[in-house]
Each structure stands twice: as structure tokens, then as C-alpha cells.
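One-letter residues, chain by chain:
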Amino acid sequence: MTAGGLRRLVLLLSLLVGAAIWPLSAQAQTPATGDGVISGTVANGTAGGAVPADLEVTVHVLTNRAKTDEKVVRTDGNGQFQLGGLATGPEMIYFTVVEYQGVVYFPDRPIIFQDGPAVQTTITVFDASPMDSNLFYDRLNLLLIDTSPTALTIMEMGSVNNPGDKTFAADPMVTGSARTLRFNLPPGATQISPQAGLPQDSLEQTPDGFATTDPVKPGRREIAFGYELPYQSATLDLSRTFSLPVGAFTIYVPGDDIQLIGPGFAMNGTADLGGRTFRRFEIQNVTPGADVRFRLSGLPAPFFGNPRDLGLAVVGSATLALVVFVILAVRRRRQAAGVSNAGEPADLSDDPVLAERHSLLRSVAELDEQFAAGSLDQETYQARRGEQKARLVALTRASADA
């Protein structure tokens, strides 16, 4: 068995038996022999496939959910095997594994001696094929789990279906790559976290996302992965493409504030997930490589969505300051001209309103610079700037009325 296959098996065993720790326990003891007998059959599920004769079967022995031993037997000419002398206590669990044509197979459930000392088990294997055997996604779901002012937290899940009777195990000599499933992600996606159906040791990064080299066996496999998608404005245009046909692609949008529009999408009711209500937007029969485009609006974007907007805001406030400064300079010159006739120079400090306005303008400019440099958080910046702008407007109106 390959190192990757063994790691995958270790993870699977841990999940099936609910073990918190898989490595061999220093305190665990090799179980005493008993009268337990496992009789099994390795069957080939591919039509016309060869009988899995003289195939090695590894039986992993777990005591109190920690691996304590493993035993190896071989199938006979009919694909059958038998292993005896096994302990049958309630703390004992047995897991049978075979590797056939480079792919690891095992039964759905581990073996526990509950109804007597004899247990029957069957392991179904399939011939391997380097082609994808008409794989397709019968459904894919995209959930907007969280929407912060700077990023979306997204979970994608669904099921890939292999309708044939052969396992798709990509052959680089035939397909040019060992990758079996490819997942294209939106540009800028971060914090990618593959979960169900995507063994960690089988994953590879690609220019557009990631892929797995794990063989795809006949039947349905559930998959799930998450990621974060940064954004900079209240409206976000997205495009998704898939490497396989998709029967139904559904986007779950939380609440009522965020809106979704896109060619081919139709709202299909609501769903309650985790105590939250999501609206369902669905598109049917997506072909491989087709662009699925949609727009999200009403996102809780930051006050200044991107550096360009921030630059424009700083330029705007600087322009406002310049205009007000010119107005004040003209007024001062007129006041100076009038007062100089009396022989006394005018001074800004003589007018407390003008002094306060000058101070407010300087303070607003400093706030803009601090926010642009990242030394002020969004909430503090908006609160302080709002207060100072309100005061500046009030002073300007009072001056105009006067």
C-alpha cells in the first residue's frame, strides 16, 4: 500500500470508529487470541472483471479504539478468505482492507463480534480506468456562511457521481495528469479548507484553485470545502466554472439584505440551515467549462471600498479644505482692508469661529491620513470624521447666515 493510501486509511479508520487518537498506544496491549472467526469475500463489481484471487487482505485490529495489531491473509481462487483465533470482547474492532489495481477498498462498516464468534464480510472492488467514466455532479451548493465588511465566508458542497462500474484512477500517461477532480475557485479566494470527500494527502494546488488525485469509485461521493473571498464594494460580480456537468447548482443567500441576480438563476424558495433562513437561487444543467455568472449586491462593504475610493475621498476632503481656505482668505483680506484703514491689522485669532473651522479642517485631514495609513480602524474613523464634519457644516451655515 502506498504511503498516501495508508494515511487515507488511517484517517478513515479514525472517523469510522470515532477514535480521537489513531497512532499505536503505548499502553495498549496485543489482544489475547479467542474463538472469533472472520469469513469474507472479495468480489469484483466490474462486469466481466477477473475474480480477485490470491489477493492480500489486511485486517487491522483495534482495541479500545487504538490500533494494536494487524493480520494478513490471502484470498483463494474464488476470492474468499478466512481469519480465526480472534478476540471477541466488546472492546475489539476489526477492519478489513484490500488494494486492487492500485486502489484501496474496504467495507462500509468495521467488524464487531456482537452476535456470536463468526462474522461474514464482503469487500467489493472494481477494475481501474484512466478515463473519467462520465462523472458528473448531480448537485452542487454554494452557501454564503458569513458576510463581514471585507470578506465572504463560503462553503461549497455537493455530490459527485460515477455512474459506471469502473473506478476512475487517472493515469498521467493517458490523461496527462493524475488529477481526478478539479475545483476552480473565484480569483482572490483565500483560507481554502477541503473537508468531506477530499483526502488531504491527495490535494494539489492549481492556478485556478485545487485538485485531488484520489480515485473516484462507482457510486456517489459527498464533497465539501470552504474558503474566504475578499471584496471591496457593496456589489460583487462572480463567475464559477466546473470541470464536470452539474445537474443543479444552488446558491444559498442569508437574510433579505443581499440580492442575487444572474442569467438562468431562479429563486427556489427558502431553507432553514443552522437556525438561519437562506433564500435559494438555482440554475439547472450546467455544462463543463460554462461560465455561471451572477452578481451579489447589498453587501456590507466598508465605507471606502478600495484604495482608489479612499484616495478620492482624501482628495475630496483636501479640495474642500482648499476651497474653504480660499473663502476664509478672501474674507480675511476684506476684513484686513477695512480694519487697516483704522490703522490696526486683522488676526485670525480675533475670530473664534474662523479659528475653530480651521482647526476642524486640519483635524479632518489628519483623520484621513491616519485611516489611509492603517492606524485607525473603520468604526473609529467614521465616528470621529462624522462628528467633525457635522460641526464644520454647522459652523459654515452659521457663518453664511451671519
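The structure reproduced in this document is the subject of the present report. (Residues numbered from 1 in each chain as written. Predicted model: local features only at pLDDT ≥ 70, side-chain atom pairs only at ≥ 80, totals over all residues. Heavy atoms only, no water.)

**Remarks on a nonpolar patch on the surface**
Judged by side-chain polarity, Met131, Met173 and Val174 come together as a nonpolar surface patch covering roughly 360 Å² of accessible area. Along the chain, Met173 falls in helix α2 (residues 172-175). Since its relative accessible area comes to 77%, Met173 is described here as exposed. (Patch = residues over 30% accessible without salt bridge, like charges linked within 9 Å, V, L, I, M, F, W, Y side chains within 5 Å. Areas by Shrake-Rupley, 256 points an atom, 1.4 Å probe, with all protein chains shown as cover. Salt bridge = Lys/Arg side-chain N within 4 Å of Asp/Glu carboxyl O. Helix = DSSP H or I, 4+ residues; strand = E, 2+ residues; numbered from the N terminus. Buried < 20%, exposed > 50% of the residue type's maximum accessible area, 1.4 Å probe, protein only.)

**Digging into the packing of aromatic side chains**
A full pass over the atoms with the stated rule returns 10 aromatic pairs. Taking 5.6 Å as the distance between ring centres and 80° as the angle between the ring planes, the aromatic pair formed by Tyr94 and Phe113 counts as edge-to-face. Taken together, the positions of Tyr94 in strand β5 (residues 92-100) and Phe113 in the loop between β6 (103-105) and β7 (118-125) put the pair 19 residues apart, joining distant regions of the chain. Look at Phe183 and Phe210: their rings are 5.0 Å apart centre to centre, the planes differ by 25°, and that puts the pair in the stacked class. Of this pair, Phe183 sits in strand β12 (residues 181-184) while Phe210 sits in strand β15 (residues 209-212); the two residues are 27 residues apart in sequence, bridging distant segments of the chain. For the pair Phe183 and Phe210, one class covers both residues: buried. If you follow Lys217 out to its NZ or CZ, it ends over the ring of Phe106, 4.6 Å from the centre. (Phe/Tyr/Trp six-rings, centres within 6.5 Å; stacked < 30°, edge-to-face > 60°. Lys NZ or Arg CZ within 6 Å of the ring centre and 35° of its normal.)

**Focus: the pattern of salt bridges**
As enumerated under the stated definition, the model contains 13 salt bridges in all. Two residues, Arg74 and Glu56, come together in a salt bridge whose shortest N-O distance is 3.6 Å. You can see Arg74 sitting in strand β3 (residues 66-74) and its partner Glu56 sitting in strand β2 (residues 56-63), a full 18 residues away along the chain. The exposure class of Glu56 is partly exposed, given its relative accessible area of 40%.

**Some points on unusual backbone geometry**
Among all residues except glycine, the phi angle is most often negative; among peptide bonds, the trans geometry is most common. With a phi close to 50°, Asp54 is a non-glycine residue in the positive phi region. The residue Asp54 is located in the loop between β1 (36-44) and β2 in this model. The class for Asp54 is exposed, based on a relative accessible area of 51%. With a phi angle near 55°, Asn285 is a residue other than glycine that sits in the positive phi range. Tracing the chain through its elements places Asn285 in strand β21 (residues 276-286).

**Brief notes about the sheet that holds strand β22 (residues 292-297)**
With respect to topology, three strands assemble into an open sheet ordered β17-β22-β19, the strand pairing being antiparallel. On the outer flanks of this sheet lie β17 (236-240) and β19 (259-261), each paired with one strand and no other. Going from strand to strand, the sheet's axes swing by 25° on average, the running direction of each strand aside. Pairing between β17 and β22: five bridges, direction antiparallel. Across the sheet, the residue bridging to Ser239 is Arg293, located in β22. (Pairing = 2+ DSSP bridges. Axes fitted to C-alpha atoms, helices over the stretch in contact; angles between N-to-C directions.)

**Topic: the nonpolar core**
In terms of nonpolar packing, the biggest core is built from 39 residues, with Tyr137, Leu152, Phe249, Phe265 and Leu296 touching the most fellow members. Of all the secondary structure elements, the ones that give two or more residues to this core are β9 (136-147), β10 (151-162), β12, β16 (219-230), β17, β18 (246-254), β21 and β22. Apart from residues lying up to four places away in sequence, Tyr137 is in contact with Ser159, Val160, Leu181, Arg182, Phe183, Ile223, Leu244, Pro245, Val246 and Gly247. Leu55, Val61, Val125 and Phe126 belong to the second largest nonpolar core, which has 24 residues in total. (Core = buried A, V, L, I, M, F, W, Y, C linked by side-chain atoms within 4.5 Å. Contact = heavy atoms within 4.5 Å.)

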